[in-house]
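# Analysis of the macromolecular model
Each chain, written out:
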Amino acid sequence: MIPIRPKQPDGSSTSSPPRRDKQAVQTPSPSRIASKPVPERQLRSPREYQIDQLKRRFSPKETVDPSTGETSLLFSLKPSDPDFPYDLEKLECDLRIPQEYPRQPARLLVKNKDIPRGFAVNIERGWDRLVQERKGKGGTLLTVMNALDRRLEGFLAEEKKDTVKITVFKDSRHLESEPSGVVGMGKEVIREVPKSAEQQQPKPKPTPRPYIPLENFTRDQIAEAKARRAQEVRQLEARMSGLPLYHKSSDGVIYTLPLDPKRRSSLPSGLQSVHSVQLVIPLLYPLQPLRVLLNDVDADEAEAVEELFTQKAVEQKQMSLTSHLNYLATNLHALAKQAAQEKQKAVQAAAAEEEGKKTAADEEAKEAEHVASAADGERGHVHVIPRPLEWTLINADGSSESESETGSDDDDDDFELVDGEGGNTFGVTPGTALPTATAERGTAISFPSIELHGIELLQVTLLSLSVKCNRCKTLNDVTSLQSNVEKLASCKKCATSFTVRFRAELVHANSTRAGFIDLSGCTISDMLPSSFIPTCGRCSTSYPSPGFVSVRGESTTNVCRECHARFTFKIPDIKFLTYSSSSSSLPPTSGPKRKDQKLGLHAGDPLPAKGACAHYKRSYRWFRFSCCNKVYPCDKCHQQAEDHVDEWANRMICGWCSREQNYRVENCAFCGRSVVRKRTGGFWEGGKGTRDKVLMRRGDRRKYRNKKDGNKANK
């Protein structure tokens, strides 16, 4: 029977309360809680039991200290996280287990040589915290080691602890008691030979570095700085990780990057050999200053340049890491020149100070001599002071001349300071492109109005071009051009050979140039559908090969295979800029220059009337005739407009997307649409009828072979 729910006085029926999937008893009774069983051996001797667990798990090297009875286990802990971000293959552990364990806790010592001591201290203190958290809960050393494996990334991400290095100095006080000019060596005495006048010149003392006190930052500032550092480091690794000189330290602080100065010939001789730089990125960048170390250069000249770069980085904190690297590559010669000027000023100031001291001493000596001569009733004598070497100037014609011979101390019109650049002014202009090994020659291909949404980098992997032969002006297609791979082809009309070589570059928000093209025997006409590989702007992951095929006017949208972020790129326009002519020139042809036909077409837009004309209303394309290189809808339109015999057209323009291409019979190579009207069916076949009995209509008498079967058509 169906139960009838009683109604309420107001006429509404009662309903049961909604069902809730919750536990009936929130807190279980203590008498019903069963503790986890503990092995009997662990209860008898927990120390030996836990040591045996570690031996079965890690196979360590065991040593026992006979004086204290402490057991040392040496083993390697490999991080089990497959996405472990640090360059740490394994953690070398030294676990010290005292004899009174578990009354006294075990200690962990990190033995890795490639881990800075400050981060090793973080891991050891993290072990101590894990031991304290599991104290009294029945945890074993193996469970603590597993917890350390899970939280190893967090311990390494903590701020590096400050450590102290103790240095022992040699006592040399017994050498200070020796007289000046004499060095005692046992019973022998060696006297120093007096130096010449040139060697006795005072050398300028190096300018001491200013002391910069440590600053205190709030938690919000530290969190913001870490987020910005992670983002900029990820961008730097995405752009530089594929270069040959790239290297990253294990702690992620020092990056070795390639450096190609824009004006290498303007650098001093000690800096011209630089090809790489060490970029030191502090953990609290940009709160802490950025520093660089130039490799394979003169240390004295490089130190001043590095200090100037650090000052510029502190002044321009809003610049990213790649912008700082661009600035260094573009203005390294300017920094070197500024450092040389500051060094020269320091030398002049030191010389002036020394000269002032010497002049004051001479004046005091003259005054004392004058007083002595006056007391004795004798006249003073004239003393000749030798000319200092720094007073000798170099004349403009290369001759040496003293100031006394010039006639004036302030006239410097006959002297000039020759600069290595021939009088170039000193200026600092931030760079706009990454230092790259791609030489700027040939023809550059760029996308001026490219639209990148959610894309950090875009690279052309397979480039397809339409090139024009230099001899017969015939358009030819060159497809699947890879970077730095030369391709040899020949013209399909005159069989003239030509070569094409593509040197790719990365396209990003600050650079629209996709690379350079070296041509020989031909010129570029247009870009055909090519393959692109984008890099996600959120996770900096490149799309797997072969990427996407796109062309001018098309918008490509997809999602990242790593973080599933949506990205889109579109190339509205393509520009070709010739830096230097790399194609072999042919002898000029006789006769007047042929005028180019201006059609005013835009890629992606349909042709007028979709390319159809009065002669062929079902043809949706225009043809480019090779006889005059002009475009007409059909051969009859060409005969009406021109006074010569038409030749076979080998190029066509699609009536749906207005893109020029090689002749195709049915469809467009870009948009894929049909350029001829397809037949509507198989019934009439253009008015000729059909003999296919399957396609013939039921009322057709020819559908049935015999007259007897033909009566079916009358029914």
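Residues numbered from 1 in each chain as written. Predicted model: local features only at pLDDT ≥ 70, side-chain atom pairs only at ≥ 80, totals over all residues. Heavy atoms only, no water.

## Describing the packing of aromatic side chains
Note the following rule: Planes of paired rings set the category: under 30 degrees apart is stacked, over 60 is edge-to-face and the rest tilted, where pairs are Phe, Tyr or Trp rings (Trp by its six-membered ring) whose centres lie within 6.5 Å. Here, a charge over a ring is recorded when the distance from Lys NZ or Arg CZ to the ring centre is within 6 Å and its angle to the ring normal is within 35 degrees.
Evaluated as defined, the whole model comprises 13 aromatic pairs. With centroids separated by 6.4 Å and ring planes inclined at 45°, the aromatic side chains of Tyr246 and Tyr255 adopt a geometry described as tilted. Each residue in the set Phe447, Phe532 and Phe569 is aromatic and connected to the rest through ring pairs, giving one cluster. One Lys or Arg, Arg673, reaches over the ring of Trp656 and ends 3.8 Å from the middle of that ring.

## Digging into the confidence of the model for the protein
The cut-off we apply is this: Confidence of the prediction at every residue is given by pLDDT, a number between 0 and 100. When checking whether two residues touch, look at their non-hydrogen atoms; a contact exists if any pair is within 4.5 Å.
Averaged over every residue, the pLDDT of the protein is 77; residues scoring 70 or more account for 74%. Ignoring residues within four places in sequence, the model shows residues 177-199, a span with pLDDT below 50, making 14 contacts including any to other chains.

## Section: the pattern of salt bridges
Short version of the rule: Each salt bridge in this description consists of a side-chain nitrogen of Lys or Arg and a carboxyl oxygen of Asp or Glu lying within 4 Å of one another. Numbering of helices and strands runs from the N terminus, with a helix taken as a DSSP run of H or I at least four residues long and a strand as a DSSP run of E at least two residues long. Accessible area is worked out with a 1.4 Å probe on protein chains only. A residue is then buried under 20% of its type maximum, exposed over 50%, and partly exposed in between.
Enumeration according to the criterion identifies 21 salt bridges in this entry. Notably, a salt bridge pairs Arg107 with Glu70, separated by 3.2 Å at the nearest N-O pair. In this pair, Arg107 is assigned in strand E4 (residues 107-110) and Glu70 in the loop between strand E1 (61-64) and strand E2 (71-77), connecting sequence segments 37 residues apart. For Glu70, a relative accessible area of 18% puts it in the buried group. In this structure, Glu133 and Arg134 form a salt bridge, with 3.8 Å as the shortest nitrogen-oxygen distance. Overall, the relative accessible area of 38% leaves Glu133 in the partly exposed class.

## Points about a nonpolar patch on the surface
Counted only if it meets this: Two distance rules govern patches: like charges are joined within 9 Å, and nonpolar side chains (Val, Leu, Ile, Met, Phe, Trp, Tyr) within 5 Å, applied only to residues with over 30% relative accessible area and no salt bridge. Per-residue and other accessible areas follow the Shrake-Rupley method at a 1.4 Å probe size, with only the shown protein chains counted as cover for residues.
On the surface, a nonpolar cluster with roughly 390 Å² of combined accessible area is contributed by Trp648, Tyr663 and Val665. Of note, Tyr663 is situated in the loop between strand E29 (660-662) and helix H12 (707-710).

## Here's the deal with the nonpolar core
Going by this rule: By nonpolar core is meant a set of buried Ala, Val, Leu, Ile, Met, Phe, Trp, Tyr and Cys residues that side-chain atoms within 4.5 Å join together.
Ranked by internal contacts, the top residues of the largest apolar core, which has 35 residues, are Ile445, Phe447, Leu463, Val500 and Ile517. Counting residues per element, this core draws most heavily on strand E15 (residues 455-469), at seven residues.

## With respect to the packing of helix H2 (residues 46-58) against helix H4 (residues 141-150)
Stated formally: Helix axes use the C-alpha atoms of the stretch in contact, all axes being lines fitted to C-alpha atoms, and the angles between their N-to-C directions lie in the range 0 to 180 degrees. To sort the angles, those under 35 degrees are grouped as roughly parallel, those over 145 as roughly antiparallel, those from 65 to 115 as roughly perpendicular, and the leftovers as oblique. Gly is put with the polar residues, along with every residue not named as nonpolar or charged; the nonpolar set is Ala, Val, Leu, Ile, Met, Phe, Trp, Tyr, Cys and Pro, and the charged set is Asp, Glu, Lys and Arg.
H4 packs onto H2 with a crossing angle of 45° between their chain directions and a minimal axis gap of 8 Å. With respect to their mutual orientation, H2 and H4 come out oblique. Between H2, through Gln50, Gln53, Leu54, Arg57 and Phe58, and H4, the contact on the second element is made entirely by Leu141, Leu142 and Met145. Residue classes in the contact of H2 with H4 are distributed as five nonpolar, two polar and one charged.

## Regarding the side chain of Ser276
Tracing the backbone through its elements, the reader meets Ser276 in strand E9 (residues 276-280). Given the relative accessible area of 10%, Ser276 is considered buried. Other than its neighbours up to four places away in sequence, Ser276 contacts Leu245, Thr256, Leu257, Pro258, Leu259, Leu294 and Asn295.

## Thoughts on the pairing of strand E13 (residues 443-446)
Note the threshold: For two strands to count as paired, DSSP must find a minimum of two bridges between them.
Neither face of E13 is open: one carries Thr443 and Ile445, the other Ala444 and Ser446, and all of them are buried. Two strands pair when backbone bridges link them, and E13 and strand E25 (residues 575-578) are joined in this way by four bridges, in the antiparallel orientation. Among the inter-strand pairings, Thr443 is bridged to a residue of E25, identified as Thr578.

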